[in-house]
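Descriptive analysis of the structure
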Amino acid sequence: MDGWPTVELDPVRRLRVLAASGAGRPLFAERRLAAGFDAVWSVAGDLSGELPGLISGLRSFEVGPATEEDGEGGAHGRDGRLTGVAVSVVGHRERFEIVLRSGWCLMQSRVLLGGMAAVRDGDGTRFALLGSLRVPGAASVQHLLGGLAERRGEVLLDRLERRVAERSRAGQ
């Protein structure tokens, strides 16, 4: 329909909307990083190589192409769609459907929703992350965690910032 107003949200704002529309109190953290977009996204977008170092309790995260059921197509699947398998340090395996594009990553399993977003911000990068449970009663659990989720978000952003700096120093 012509004449209807439209709004384009950058990836960080889109992730903020997802966090605000979720039940309970999902983990959401946002920060301006001094590093440039390419340096930040080379770490954040490297799910197999970097995610286990950023998220404590995660032993490995293997990424593969989308399956037929997920809508396969192209090197990154159709529209950046992939699959992933997370393995915790105690051996629990969780399968994820992933959408991964430059500056945007959304991952969901039966029980978890995770996301990352980044946009250029002058000579730095505005970065956000989201984590939420997707099970009945999740809102109550997330509400009880309250400030712990906020602190965990800050810890994850600290780890990301350190890893970006380490990669930059190594010249990667």
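Here, the structure is the one placed above.
Note that the structure is predicted; figures quoted are calculated from it, not measured.

Moving on, we get to the pattern of salt bridges. A complete count under the given rule lists 14 salt bridges for this structure. A salt bridge links Arg126 to Asp10, with the nearest nitrogen and oxygen atoms 2.9 Å apart. Within this pair, whereas Arg126 is found in strand β7 (residues 124-133), its partner Asp10 is found in the segment before α1 (11-21), the two being separated by 116 residues in sequence. Like Arg126, the residue Asp10 is buried in the burial classification. With its nearest N and O atoms 3.6 Å apart, the salt bridge here joins Arg126 to Glu30. In this pair, Arg126 is assigned in strand β7 and Glu30 in strand β1 (residues 27-33), connecting sequence segments 96 residues apart.

Next up on the list: the nonpolar core. Within the largest apolar cluster, 28 residues are counted, with the highest numbers of intra-cluster contacts made by Trp41, Leu47, Phe61, Ile98, Phe127 and Leu160. Residue contributions to this core peak at five residues, all from helix α2 (residues 37-44). Sequence-distant contacts of Phe127, that is, excluding residues within four places in its chain, are made with Ala29, Glu30, Arg31, Leu33, Val40, Trp41, Ala44, Met116, Ala117, Ala118, Leu157 and Leu160. Grouped together as the second largest cluster of nonpolar side chains are nine residues, Ala19, Trp104, Val119 and Ala128 included.

So, about the side chain of Arg126. A relative accessible area of 18% places Arg126 in the buried class. Ignoring sequence-local partners within four residues, the contact set of Arg126 consists of Asp10, Val12, Arg13, Arg16, Glu30, Arg31, Arg32, Ala117, Ala118, Val119 and Asp121.

A regular strand places its side chains on the two faces of the sheet in alternate fashion. Counting buried positions over the eight residues of strand β3 (residues 81-88) gives six, a clear majority of the element. The pairing of strand β2 (residues 58-65) with β3 spans seven bridges and is antiparallel. Bridge assignment links Phe61 to a residue of β3, and that residue is Ala86. Of the pairings in the sheet, the one linking β3 to strand β4 (residues 93-101) comprises seven bridges and is antiparallel in character. For Val87, the partnering residue across the bridge sits in β4 and is Arg93. The turn linking β3 back onto β4 is made up of four residues, and Gly91 within it adopts a positive phi angle of 95 degrees.

Procedures and definitions
- Here the residue index of a chain counts from 1 through its sequence in written order.
- Where totals are concerned, whole chains, interfaces and linings use all residues; where local detail is concerned, this predicted model gives features only for residues with pLDDT of at least 70, and gives and counts side-chain atom pairs only at 80 or more.
- As a rule here, side-chain values come from all non-hydrogen atoms in the structure, and water together with hydrogens is ignored.
- Whenever Lys or Arg places a side-chain nitrogen within 4 Å of a carboxyl oxygen from Asp or Glu, that contact is recorded as a salt bridge.
- A run of H or I in DSSP counts as a helix once it spans at least four residues, and a run of E counts as a strand once it spans at least two, with each numbered from the N terminus.
- Remark: exposure states derive from per-residue accessible area (1.4 Å probe, protein chains only) relative to the maximum for the residue type, with buried under 20%, exposed over 50%, and partly exposed in between.
- Think of a nonpolar core as a cluster: buried Ala, Val, Leu, Ile, Met, Phe, Trp, Tyr and Cys residues, connected wherever their side-chain atoms sit within 4.5 Å.
- The contact criterion used is simple: two residues touch if any of their non-hydrogen atoms lie within 4.5 Å.
- By the convention used here, strands pair only if DSSP detects at least 2 bridges between them.

The values reported here are purely geometric and, on their own, carry no functional implication.
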